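Listed here are the chains, written in short residue letters.
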Amino acid sequence: KGLSPEDTIDKIHDQGGIAIIPHPYSFYRSGLFSKVDPDKIKMDAMEVLNAKYFIGYSNKKAKNYSIKNNIPEIGASDSHVLKTIGTCYTEINCELSIDSVLKSISKSKVKSKVKGSSYFKNMKNSLLEKIRLLQRHIVELQDYATDIRMVKFESMYETYNNFLKEIIPQNK
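Remember, predicted model here, so these are calculated numbers, not experimental data.

Caption draft 1: A look at the overall build of the protein. When helices and strands are tallied, the protein shows four helices and five strands. Helices (α) and strands (β) of the protein occur, in sequence order from the N terminus, as α-β-β-α-β-β-α-β-α. A compact globule built from 172 residues would reach a C-alpha radius of gyration of about 16 Å, whereas the protein, at 29 Å, exceeds it by more than 25%. Of the contacts made within the protein by residues no fewer than 6 positions apart, 59% connect residues no fewer than 24 positions apart. Looking at the protein, you have 27 positive and 20 negative side-chain charges, and the mean spots of the two groups are 5 Å apart.

Caption draft 2: The arrangement of the sheet that holds strand β2 (residues 45-50) in detail. Read across the sheet, three strands follow the order β1-β2-β3 without closing on themselves; strand pairing throughout is parallel. Of all the strands in the sheet, just β1 (20-21) and β3 (73-76) have a single pairing partner and so form its edges. Bridge analysis of β1 against β2 gives two bridges, and the strand direction is parallel. When the sheet's bridge partners are listed, I20 is paired in β2 with A45. Against the sheet, helix α2 (residues 57-68) engages β2 and β3, with an angle of about 145° to β2.

Caption draft 3: Looking closely at helix α3 (residues 98-106). For α3, the set of buried residues is S100, S104 and I105. Buried residues of α3, viewed axially, fall in a sector of 130°; they line one side. Opposite its buried face, α3 presents the exposed residues I98, D99 and K103, each directed more than 90 degrees away. At the C-terminal side of α3, S108 shows a positive phi close to 60°.

Caption draft 4: Molecular detail of the nonpolar core. Judged by nonpolar contacts, the single largest core of 17 residues is most densely connected at I21, F33, I41, M43 and M46. Broken down by secondary-structure element, the contributors of at least two residues to this core are β2 and α2. The dominant element in this core, judged by the number of residues it contributes, is β2, at three residues. The residues contacting F33, other than those within four sequence positions of it, are I21, P24, Y25, F27, P38, I41, M43 and M46. Among the nonpolar cores identified, the runner-up in size contains five residues, and A45, I74, I105 and V110 belong to it.

Caption draft 5: Representation of the packing of aromatic side chains. Going through the model one piece at a time under the given rule, you end up with two aromatic pairs. When the ring of Y25 is compared with that of F33, the centres are 5.2 Å apart and the planes differ by 70°; the resulting orientation is edge-to-face. With a relative accessible area of 7%, F33 lands in the buried category. Taken together, a centroid distance of 6.0 Å and an interplanar angle of 55° make the contact between F33 and Y65 tilted. Taken as a pair, F33 in the loop between β1 and β2 and Y65 in helix α2 lie far apart in primary sequence, 32 residues in all. Both residues of the pair, F33 and Y65, belong to the buried class. Ring pairs connect the aromatic residues Y25, F33 and Y65, which therefore count as one cluster.

Caption draft 6: Spatial organisation of the pattern of salt bridges. For the structure shown, the criterion picks out one salt bridge. For E73, the salt bridge identified is with K63, shortest N-O distance 2.5 Å. Note that E73 is positioned in strand β3 and K63 in helix α2, a separation of ten residues in sequence.

Caption draft 7: Just a nonpolar patch on the surface, in detail. A cluster of nonpolar residues, Y160, F163, I167 and I168, forms a patch on the protein surface that exposes about 410 Å² of accessible area. By secondary structure assignment, the location of F163 is in helix α4 (residues 116-167). Residue classification places F163 among the partly exposed positions, given a relative accessible area of 44%.

Analysis parameters
- Residues numbered from 1 in each chain as written.
- Predicted model: local features only at pLDDT ≥ 70, side-chain atom pairs only at ≥ 80, totals over all residues.
- Heavy atoms only, no water.
- Helix = DSSP H or I, 4+ residues; strand = E, 2+ residues; numbered from the N terminus.
- Rg over C-alpha atoms; globule rule 2.2 N^0.38 Å.
- Contact = heavy atoms within 4.5 Å.
- Lys, Arg positive; Asp, Glu negative; His and termini not counted.
- Charge placed at Lys NZ, Arg CZ, Asp CG, Glu CD.
- Pairing = 2+ DSSP bridges.
- Axes fitted to C-alpha atoms, helices over the stretch in contact; angles between N-to-C directions.
- Buried < 20%, exposed > 50% of the residue type's maximum accessible area, 1.4 Å probe, protein only.
- Arc of directions from axis to C-beta.
- Core = buried A, V, L, I, M, F, W, Y, C linked by side-chain atoms within 4.5 Å.
- Phe/Tyr/Trp six-rings, centres within 6.5 Å; stacked < 30°, edge-to-face > 60°.
- Salt bridge = Lys/Arg side-chain N within 4 Å of Asp/Glu carboxyl O.
- Patch = residues over 30% accessible without salt bridge, like charges linked within 9 Å, V, L, I, M, F, W, Y side chains within 5 Å.
- Areas by Shrake-Rupley, 256 points an atom, 1.4 Å probe, with all protein chains shown as cover.

These results come straight from atomic positions and should not be treated as a statement about function.
Next comes the structure, spelled out in structure tokens:
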């Protein structure tokens, strides 16, 4: 933490790792390319398929950049809940060793993949949750509007009665 992207990549390389840029164009999640020119970063690979937004702008932009600049791609579920783990993933066909995996990624012998069914199920559930929340807000706003109308009506009624009392003599 606190290192520049270049220093971070150097440290990764010093330890024998490869530098993979996660969700690079996700501006609302402070993706690296929202702050840094990607042409100035010496990355080994980049995430081009992220389950949080695999049909959106961020992934498309990352995929286009990786193709244009011949940068190896990976996919990741970026999951924070058990049921979405593996929604997006990287397919690697190599020996089961760290060196083989790193070499396969570096040489672009990998493919980012998505399992659409769980993603769409989660997206549907998320949309339904947002619709229910919106419905609750609408009911609250309707209640609020009713309260305002009642206050206005009561105020108008009082004003009208006071006016009537002034213009119509009261029988005593």
